[in-house]
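Chains, contacts and geometry: an overview
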Amino acid sequence: MRSKTTLALAVLLSSALLVTGCAKPPQQELDAATAALTEAEGAKADTYASAELGAARDALNAAKQEIETQNNKFALFRSYKNAIAMLTDAAAKAKTAKDTAVANKEKAKGEARAAIDNAKNLITQAQTEMTTLEGCKRKPKGFAADMTVLKGNLDGIVAEVANAENAFTSEDFLGAKSTAESLAGRAQTLVTDLQNAKTKIKC
Amino acid sequence: MELEGSSGPRKAAALRRRLFLCLFGIAAAALTYYFGKRAEPRYNVVGARAVATRAAGRLAPESPDKARQIRLLMNLAESVTSREDVQPVWDRSDETVQMMWGRVLDLTRDSMRELLARRIAARSRWADVGKQAEKALPLAREEVKAPGLSRREQALLQQAEIALDRAQRLAKRGANAQASSAAEIALARAQEIHRAWEALHARFSDRSSLHEWSSMVQATIAESARIGTTALVIDKLRRRLDVYASGKKVASFSVELGSKGLRQKEHAGDKATPEGRYRVVAVKNHGQTHYYKALLINYPNDEDRSRFELHRRRGQVPKGVGLGSLIEIHGEGGRGKDWTDGCIALRNNEMDRLFQYARVNMLVTIVGTVP
């Protein structure tokens, strides 16, 4: 009788310890979510998908917190189901951040290229207008001085195109776009000035 | 009796067995609880993780290396924490977890301090350089208008304007370090314009030039007084034409010069206004000139010719370029800038007033400035 009871208790105790040993933190899912977040960071999500990356980081932190909470519970009551779901969600969010970053980066690249090309086109247009104006037969006094100012302005804009191209080459697409747009604005003003001058002197 | 007598020890044995089972059960429950329950962590991993994550996010744009270091260390701390979580209680080491997160927090704190210091320095640098650039540009805009400064300086001004524009946009976004770099470019361009302007104006503070110009003006006024005739004195720097009758100033007019008028005229087409002692050789009334009325002077005189020859021998004159001619004092002025090819322009109504004194052979002295 005594030996049976002792055996029963030993089995009970072993089962309890076995159950305790089975509830382990979801390391595989945690590693997967962390890797997904690292990939998103590598895709420059900080710059091109900051909101999505923030959401992924928050989700991963929340999942880690849930794991901590479960770890602190009595072994028989631990459950990592919720933590696994949270980690899966964090990994999905990290993937979204990565995909958004890649898409936004491509979009920014395209926009930057278009802005630089637009600025270059306007510069070419300004150069053409300048050549036409210079070829004008009517050259009122002061014309040369005004042309010097306009040519100087165009030289300055042309010199700055290199900055936009450098930013593009170093993958600072947002900076390249901003610089190119500023140059395009100035080149457009110059084209307008040259066209007005042509009209004024009836060229 | 024997049976009754033996029930006593049996009862006691049953009691002992129950007591043993009870104590065994309590011990088993205590042991299960002890092995199952993880010791309450003495270290706030959740808090440390939240602080480090937030800091890495803030560091990423300006100090990506530091942000990466923090994340790497965090990953290490996370794996140590996970490993410790699943260790049997006798093998668990909260101290290791604490040490790892302590390192994360130390690095985070140091990095954030550096970032803060850098931001403060960048803000103060922007406040300094940005202000300097904003102050230098209006001056550069004025200086670039100086007759004698050219397309190169205009291009520099355009570059300075673009750089300052970029700096201001960056500063608005809080990127003070990049804004300061852009403002420094703007400032450097403005300073280059200023140096060109100073080089152009250096001769106006040169003592020997000032002495020479002063002597020329005194001689003209003295001759006007001696002969009792009218003479014109033109101060290029002040853009002023003074009329002297019998040695006394009787009128003064504002003038405009050649588009590079502050320079001494060297050859044809240089847009500079000549300096020297001349005489009026022709008085052109309305209809005889494109510029309302005009007084033609005898440029080039002998002195201009000998200087031109000297410069030509030194190779300072472009090939095939002559000395130039047709320097006049004429009308159609009042444009608010130096625009002529080297002539001196007045407003038409002032040209009318000047014509009251105009006659052929009248003395005309043009100088850089009169001290």
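Residues numbered from 1 in each chain as written. Chains lettered and ligands numbered in written order. Predicted model: local features only at pLDDT ≥ 70, side-chain atom pairs only at ≥ 80, totals over all residues. Heavy atoms only, no water.

Before going further, it helps to examine the nonpolar core. Ranked by size, the top nonpolar core spans 66 residues in total, and within it Leu232, Leu241, Leu295, Ile329, Leu346, Leu354 and Val364 of chain B carry the most contacts. Looking at which element gives the most residues to this core, the answer is helix α6 (residues 176–201) of chain B, with 9 residues. Aside from chain neighbours lying at most four places away, what touches leucine 241 of chain B is Leu232, Val233, Ile234, Ala251, Ser252, Phe253, Val255, Ile329, Leu346 and Leu354 of chain B. One finds Leu30, Ala36, Ala63 and Ile67 of chain A within the second-largest nonpolar core, a separate group that totals 32 residues. (Core = buried A, V, L, I, M, F, W, Y, C linked by side-chain atoms within 4.5 Å. Buried < 20%, exposed > 50% of the residue type's maximum accessible area, 1.4 Å probe, protein only. Helix = DSSP H or I, 4+ residues; strand = E, 2+ residues; numbered from the N terminus. Contact = heavy atoms within 4.5 Å.)

Right, let's get into the packing of helix α5 (residues 151–172) of chain B against α6 of chain B. For any two helices packed against each other, the geometry is given by the interaxial angle and the distance between the axes. All names here are of chain B. Between α5 and α6, the shortest axis-to-axis distance is 8 Å and the interhelical angle comes to 160 degrees. One element, α5, and the other, α6, form an angle in the roughly antiparallel class. Crossing of α5 over α6 shows left-handed handedness. Of the residues in α6, those in contact with Arg152, Glu153, Leu156, Leu157, Gln159, Ala160, Ala163, Leu164, Arg166, Ala167, Leu170 and Ala171 of α5 are Asn176, Gln178, Ala179, Ala182, Ala183, Ile185, Ala186, Arg189, Ala190, Glu192, Ile193 and Ala196. Class assignment for the residues of the contact of α5 with α6 results in 16 nonpolar, 3 polar and 5 charged. (Axes fitted to C-alpha atoms, helices over the stretch in contact; angles between N-to-C directions. Parallel < 35°, antiparallel > 145°, perpendicular 65-115°, else oblique. Left-handed = near helix turned anticlockwise from the far one by under 90°. Nonpolar A, V, L, I, M, F, W, Y, C, P; charged D, E, K, R; others polar.)

Moving on, we get to the interface of chain A and chain B. In this complex, chain A contributes 44 residues to the contact, which on the side of chain B involves 47 residues. Between chain A and chain B, the buried area comes to about 4,100 Å², and carbon and sulfur atoms account for 57% of it. The largest share of the area that chain A buries against chain B comes from Asn72, Lys141 and Arg186 of chain A, three residues that together contribute 17% of it. For the interface between chain A and chain B, the tally reads 6 salt bridges. Here glutamate 160 of chain A makes a salt bridge to arginine 166 of chain B, at a shortest N to O gap of 3.4 Å. Summed over the shared surface of chain A and chain B, the number is 12 residue pairs in polar contact (both at pLDDT 80 or more). Considering every element that reaches the side of chain A that touches chain B, the biggest residue donor is helix α6 (residues 143–169) of chain A, with 14 residues. Its residues placed into classes, the side of chain A that touches chain B shows 14 nonpolar, 17 polar and 13 charged. (Buried area = accessible area lost by both parts, 1.4 Å probe. Salt bridge = Lys/Arg side-chain N within 4 Å of Asp/Glu carboxyl O. Polar contact = N/O pair within 3.5 Å; in protein donor to acceptor, adjacent residues only side chain to side chain.)

What we call a disulfide is simply a covalent bond connecting the sulfur atoms of a pair of cysteines. All names here are of chain A. Following the criterion strictly, the structure yields 1 disulfide over all chains and no others. The disulfide that involves cysteine 136 links it to cysteine 203, with 1.7 Å between the sulfurs. In this pair, cysteine 136 is assigned in the loop between α5 (81–134) and α6 and cysteine 203 in the segment after α7 (173–200), connecting sequence segments 67 residues apart. Of the residues examined, cysteine 136 reaches a relative accessible area of 7% and is grouped as buried. (Disulfide = S-S within 2.5 Å.)

Turning our eyes to something else, we now look at the sheet that holds strand β1 (residues 230–235) of chain B. One key point about sheets: their strands pair by backbone hydrogen bonds, in either a parallel or an antiparallel sense. All names here are of chain B. Read from one edge to the other, the open sheet built from 8 strands follows the order β3-β2-β1-β8-β4-β5-β6-β7, with strand pairing classed as mixed. In the strand order of this sheet, the two ends are held by β3 (248–254) and β7 (344–345), each with one partner. Looking at chain direction, strand β4 (residues 276–284) and strand β8 (residues 363–367) are connected through 4 bridges and run antiparallel. Bridged to arginine 279 within β8 is leucine 363. Seen against the sheet, helix α7 (residues 207–227) touches β1, β2 (240–245), β4 and β8 and runs at an angle of roughly 165 degrees to β8. Lying on the sheet, helix α9 (residues 348–355) is in contact with β1, β2, β3, β4, β5 (294–297) and β6 (328–330); it crosses β5 at an angle near 65 degrees. (Pairing = 2+ DSSP bridges.)

The next subject is the pairing of β4 of chain B. Bridge count for β4 of chain B against β5 of chain B is 4 bridges, and the pairing is antiparallel. Bridge assignment links alanine 282 of chain B to a residue of β5 of chain B, and that residue is leucine 296 of chain B.

A word on unusual backbone geometry. Put simply, tyrosine 299 of chain B and proline 300 of chain B share a cis peptide bond, and its omega is 0 degrees. Tracing the chain through its elements places proline 300 of chain B in the loop between β5 and α8 (302–313). One non-glycine residue, lysine 202 of chain A, lies in the positive phi region at around 55 degrees. Even without being glycine, lysine 271 of chain B reaches a positive phi, approximately 60 degrees. Residue position: lysine 271 of chain B is located in the loop between β3 and β4.

Without other data, these values stay purely geometric and don't point to any function.
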